[in-house]
Amino acid sequence: MKRQRKTPLFQRDLVNEALKQSFIKLNPKILFRNPVMFTVEVGTVVMLAVCIWILMGERDQGSLAYNLSIFFILLITVLFANFAEALAEARGKAQADSLRKTREETPAKLLANGTVKTISSSQLTKGNIFICEAGDIIPSDGEIIEGIATIDESAITGESAPVIRESGGDKSSVTGGTKVLSDKIKVVVTTQPGESFLDKMIALVENASRQKTPNEISLTILLSGFTLIFIIVCATLQPFSLYAKTHIPVSAYVSLFVCLIPTTIGGLLSAIGIAGMDRALRANVIAKSGKSVETAGDLDTILLDKTGTITIGNRKATGFYPANGVNESAFIQNCLIASLADETPEGKSIVELANQKGTTIPVDFSKEKITLIKFTAETRSSGINLSDGTRIRKGAFDAIKKIAADAGNSFPKETEDRLKEISSNGGTPLVVSENERIIGVIELQDIIKPGIQERFQRLRKMGVKTVMVTGDNPLTAKYIAEKAGVDDFIAEAKPEDKMIYIRKEQQGGKLVAMMGDGTNDAPALAQADVGVAMNSGTAAAKEAGNMVDLDNDPTKLIEVVEIGKQLLMTRGTLTTFSIANDVAKYFAIVPALFITSIPALQSLNIMNLSNPQTAILSAVIFNAIIIPLLIPLALKGVAYRPIGASKLLRRNLLVYGLGGVAVPFVGIKLIDLIVSLFV
Amino acid sequence: MNTEIIGVISIYVLTLALAYLLGKYIAKVFSGEKTFLDPVLNPLDNLFFRISKIDPLSEMDWKESLVALLTVNIVWFLFGMLVMMNMGWLPLNPDENPSMPADQAFNTVVSFVSNTNLQHYSGETGVSYLGQLILQLFQFISAGAGMAAAAVVFNAMKERTADKLGNFYNYFIKSCTRILLPLSFIVAIILMFNGTPMTFLGKDQVITMQGDTMNVSRGPAAAMVAIKQLGTNGGGFYGANSSVPFENPNYFTNMIENISIDLIPIALVFALGFYLRRKKLAWMIFGVMTAGYLCLLIPTLSLEMGGNPMIAKMGIDQSSGSMEGKEIRFGPAASAFWAITTTVTSNGSVNSMHDSLTPLSGMFPMLGMQINALYGGVGVGFLNFYIFIIIAVFIAGLMVGRTPEFLGKKVEAKEMKIAMIIFLLHPLLILVFTGLASYIIHLHPEYPWLNNPGYHGFSEMLYEYTSSSANNGSGFEGLGDNTPWWNVTCGIVMLIARFLPIIGPVAIAGILAKKKYIPESSGTLRTDTASFGIMVFAVIVILVALSFFTALALGPLAEYLSM
């Protein structure tokens, strides 16, 4: 059901755009944001100066060809890093563009002073009211103030089945670019042009407004620290070599320096960040900031609504239990009559079950002689008054009990036992009364979504606690909670209960996420560290949350958590890999530096590289090509496995730490074999 | 098995057993619980507090603690300068030793205040008994200050959100009177019974067998030797330190002194476990430190016991090991064991000449000081290790997909900045000053600072700054070290390398303590596991190796490979 937006990693037009950007990003002002790559660029300029120096007659710096090759390899190193960032940006932008297309100029039927005027969608401002009829493209994000319509949202969500949107309630929001299929709605514009979520998202993937996230800043500090160490190491090598009476050419200092500083992670860092946002977008989640995606990886607690998330849609009637002394078929018939006018899914399922049991509508039943009693929040019951004066009511236990008690009727013991039984089995009992006398119970059962247990299991392994929020009574809630495998539940929840729960968790230092769609969810969405609003939700909900899920899929939170974790893991593993690489590079370059003055140091040349020049060239080439080789990993992210933190650490240390030590030994040796053919 | 090996193993095992018990006791002292010495020493503590008008119960935040630390040190520094430059005419100078010139006094006082004890003088002729007593006092103070700083960090690592981290002066006084004083007392008495002098009388005159008259230096040595070992100070009473029979008369005293060197540093790690009730964390730290320690110790033992290949080539039997610069009564194993123990712990006392170690086993003590966190100095060793933990936590935390947390506190940009600065400082000081010295020697090879040319001379310079920056105080020797250049530059290095690495970890711990405590979940990176221990170990090895590889390659490695 999810739209698959799988684009190949190296799509031609994206690559072309990225190539162009790689050169534009050479501008030191832009590159300065990335201290590691900036120092590489400085090294490149130094090498260019050395080449010119040689042309002017300097003899002690090695051959021009050798120095030029170092210069070009360094330049390519910077370009590779720029390319990685540019490609990530291009992919994000392409993603955003495909969404942006949906909001190109469309005519809008503006309703002003009672007359309809057709203007361009770009002229709509916040507060304007427009009309959409069957076949119209909705020109802007907004909220329905009048009417009901079926809407095709496939342009945004990829979901082909049309959805129903209506005024009032929590399904009143419409998105620009979607298409009205039937009926007519009156919509008020809720966002200024250029300020919709989509616009914000587009701005985010475009580098200009991309702020470094807190975690990215810390990592940049770490990497700058490593860069500084190697500035010290390379700078002090100069007096050391003077003391050791060794001449070291500039190219060797620059090469040593560039190889040692963490260029791999430095070059890929911003690409990883952008790719994380992009992955969220691919999952049809629009994040308002990179920070919220990162926070998602740290979540401790997730609040999930029961209905639609843990259970499929609504409850269904599964059994009729008449009270003692009540005829079963008469009871079922009463239930059927009482539900005829009930338009709720529960009501319909009662009719359905009664029909299955062979009960039909009595012959003398005609609609003229009856009065329908609608469900209200106060009475918490509904029912019917027949022409003969019979009053049938069905509703929650305490509501019907009150009706019976007010009339002086007792509540039958066996019915009460039945209620408990139903509740403890996870069902919801609906008590039915006839003329204020309890006549029996209808059992409604929830159906838990297939596969949901595994998902919660996965979350538990990640260390995330799941909390089910439901309006059910505690017994029912407990049963479903256990069956679905959530860790905790809030029963008989009022909107403010979510808020209280979130606050309580946050006081304990936890990060909490919730998903919501209604206006009454807005405060809790704002309070939560990650608030995911459904795209179908009200404007208030979308404004309060920091992510919007275009699919309206409540289980999306799980994916969001994984995307956040992946983002951090990719940074961590590539940092480890990058630093571990240095070991081999030292063994390649240091013996090469002192080959003439300290021949004994040749025993450190454990890779047995052909000669000092090929050794240095191989190390620098390896350093450059490892960046594009790791672009796919940076963009796709390291796979997250919920196997517990310690196991995960061991695994990643083994793969990226030990691998990071071993790979360059092999790589540099291979490159040396090839390079030595030419030198 | 070789008796020499049995000797060093028994020293180590005894150290561990005693350190474990001492750790329990230190945890009690730090958490303010009652200890058996309270009836005797409480009046003494209270006297200090009353005179100085300090309320030991008023708690300080991390900034106030650091102000207290610096205040104590500045006062004693000025006082020390005064004594060193005037002791010639002050009392308690039976041997009529002279006062120090300013550059040497600066070096000496900084050296003792900073727990380094680099001595560019000889105790027999360079200082009066008053001077020795003042230096002894500094040995207590600097060790106590280090332990008090560690206590502040311990307190900050508790599972809660807090601003106030106990009273620094209280930790300081308690560290001195409850831990250092009683232990020193025991060790000093053992040394006295084995022949170490403890007197205020001047030189003794002895007529030798040949009939010559010999002057023998004496003095209050036993007391100083005890605290020099226990407080990881290392500054000996005599110039040749613990290789002199008066400081270290026999194998038994050698064992006692060697145990004293790393007793408190190891005990502090166990103390952390008892104090925080996180024994697994303490075992992780101990495990990493020990693994690193053994990596340095085992090759050094084997190289020194294997003898000098150059001498072997000349046809001289090396079966008793490399004996150059060593004392017959200790032998190569106990000497090598001491060399590593004294350098990993920032102690710096010696019982053999490190200059005479074989090239590669000369490198291992240097590595020990360059890491400076394998057990480390009293208090400060743990603080250095804390920096490595923070860096490891950050990288490992990312690798498991969470914002890095250490003991329930998020590690963010500010902490990373401090941790990186502190980590950078050590290579910066060592490499830049060694570079400066190399450059000046390159320009003026005739300067009398360096007596050995070539790789070995380079190792000597590298060792001198490494030792200063690690606040170790041992010398490779071979340098003309009592010259203004070495006195002043080493003094500067010691000062910076002492105080910034205390300020940094205390600041990080203080900032973390103020943050919200996040309970652990199964997604949290646990820091008390073997996997995390491997991570920390890898971070230490890679970072230190990357920082010092070039320098080591040009010094000891080049010398070894050219052998």
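Here is what the cut-offs are and how they apply
- Numbers given for residues are sequential positions, taken from 1 along each chain in its written order.
- To read the labels, note that chains go from A and ligands from 1, taken in the order they are written.
- In view of the model being predicted, local features appear only for residues whose pLDDT reaches at least 70, and side-chain atom pairs are presented and counted only at 80 or more, with totals across whole chains, interfaces and linings using the full set of residues.
- The side-chain numbers reported here are obtained from all heavy atoms of the structure, hydrogens and water having been left aside.
- Put simply, DSSP marks the helices as runs of H or I at least four residues long and the strands as runs of E at least two long, and each gets a number from the N terminus on.
- Only protein chains enter the accessibility calculation, which uses a 1.4 Å probe; a residue is then buried when its area is under 20% of its type maximum, exposed when over 50%, and partly exposed in between.
- Any two residues having at least one pair of non-hydrogen atoms within 4.5 Å are treated as being in contact.
- With residues, only the protein chains shown are counted as cover, and all accessible areas are computed by Shrake-Rupley using a 1.4 Å probe.
- When charges are counted, Lys and Arg contribute as positive and Asp and Glu as negative, whereas His and the chain ends are disregarded.
- Charge positions are represented by NZ for Lys, CZ for Arg, CG for Asp and CD for Glu.
- Paired strands, as defined in this entry, are two strands with at least two bridges between them according to DSSP.
- The axes used here are C-alpha line fits, helices contributing only the stretch in contact, and every angle between their N-to-C directions lies in the interval 0 to 180 degrees.
- Every residue is assigned a pLDDT by the predictor, reflecting its confidence on a scale from 0 to 100.
- Any Lys or Arg side-chain nitrogen located within 4 Å of an Asp or Glu carboxyl oxygen qualifies as a salt bridge.
- Summed over both partners, the accessible area (1.4 Å probe) lost when two parts come together is defined as the buried area.
- Counting of polar contacts relies on pairs of N or O atoms within 3.5 Å, with two restrictions inside protein: one atom must be capable of donating a hydrogen and the other of accepting it, and residues adjacent in sequence are counted only when both atoms are side-chain atoms.

The next thing to look at is the overall build of chain B. Scanning chain B for helices and strands turns up 18 helices and four strands. Judged by the C-alpha coordinates and their principal axes, chain B covers about 75 × 55 × 50 Å. Taking all 563 residues of chain B together, 66% fall into the buried category. Long-range pairs, those at least 24 residues apart, make up 78% of the contacts in chain B between residues at least 6 apart in sequence. Counting only carbon and sulfur atoms, one obtains 68% of the accessible surface of chain B, whose full area is about 19,000 Å². Computed over 31 positive and 35 negative side-chain charges, the inter-centroid distance for chain B is 16 Å.

Residues and elements named next belong to chain A. Taking strand neighbours across the sheet as the criterion, the six strands line up as β12-β17-β16-β15-β14-β13 in an open arrangement whose pairing is antiparallel. If you trace the sheet from one side to the other, it starts and ends with β12 (316-322) and β13 (371-373), each paired once. Looking at each pair of strands side by side, their axes are set apart by 20° on average, direction ignored. Pairing between strand β14 (residues 381-385) and strand β15 (residues 391-395): five bridges, direction antiparallel. Opposite S381, over in β15, you have G395 as the bridge partner. Sheet contacts for helix α13 (residues 397-406): β14, β15, β16 (427-434) and β17 (437-445); angle to β15, the most-contacted strand, approximately 150°.

A few words on the environment of V675 of chain A. All names here are of chain A. Within the fold, V675 resides in helix α22 (residues 645-678). Separated by 58 residues in sequence, V675 and L617 have C-alpha atoms that sit 7.8 Å apart. Apart from the residues lying within four places of it in its own chain, the contact partners of V675 are T614, L617 and I621.

On to the confidence of the model for chain B, then. Averaged over all residues, the pLDDT of chain B equals 91, while 100% of them reach at least 70. As scored by the predictor, the complex reaches a pTM of 0.85 and an ipTM of 0.91.

Residues and elements named next belong to chain A. Backbone geometry places N435, a non-glycine residue, at a positive phi of 50°. Position of N435 among the secondary structure elements: in the loop between β16 and β17. Taking relative accessible area as the criterion, N435 reaches 34% and is therefore assigned partly exposed.

Any two side chains of opposite charge can pair, given that their charged atoms come close. Taken as a whole and assessed by the stated rule, the structure comprises 36 salt bridges over all chains. Close ionic contact of K585 of chain A with D582 of chain A constitutes a salt bridge, the shortest N to O distance being 4.0 Å. Residue K585 of chain A and its partner D582 of chain A are located together in helix α20 (residues 556-593), separated by three residues, close to a single helical turn. Here K585 of chain A matches D582 of chain A in class, with each residue buried. With its nearest N and O atoms 2.4 Å apart, the salt bridge here joins E247 of chain B to K228 of chain B. Of this pair, E247 of chain B sits in the loop between α8 (221-230) and α9 (251-276) while K228 of chain B sits in helix α8; the two residues are 19 residues apart in sequence, bridging distant segments of the chain. Residue E247 of chain B is classed as buried on the basis of its relative accessible area of 0%. Linked by salt bridges that have partners in common, K25, E85 and E89 of chain A make up one network.

Our next topic: the interface of chain B and chain A. Tallying the contact residues gives 66 residues for chain B and 63 residues for chain A. A combined buried area of about 5,100 Å² lies between chain B and chain A, and 75% of that area is made up of carbon and sulfur atoms. Remark: the boundary between chain B and chain A carries one salt bridge. Between D300 of chain A and R402 of chain B there is a salt bridge; the shortest N-O distance is 3.1 Å. Remark: the boundary between chain B and chain A carries twelve residue pairs in polar contact (both at pLDDT 80 or more). Secondary-structure elements contributing two or more residues to the side of chain B that touches chain A are α14 (380-399), α15 (413-443), α16 (454-469) and α18 (530-561) of chain B. Looking at the side of chain B that touches chain A, the element that brings in the most residues is α18 of chain B, giving 17 residues.

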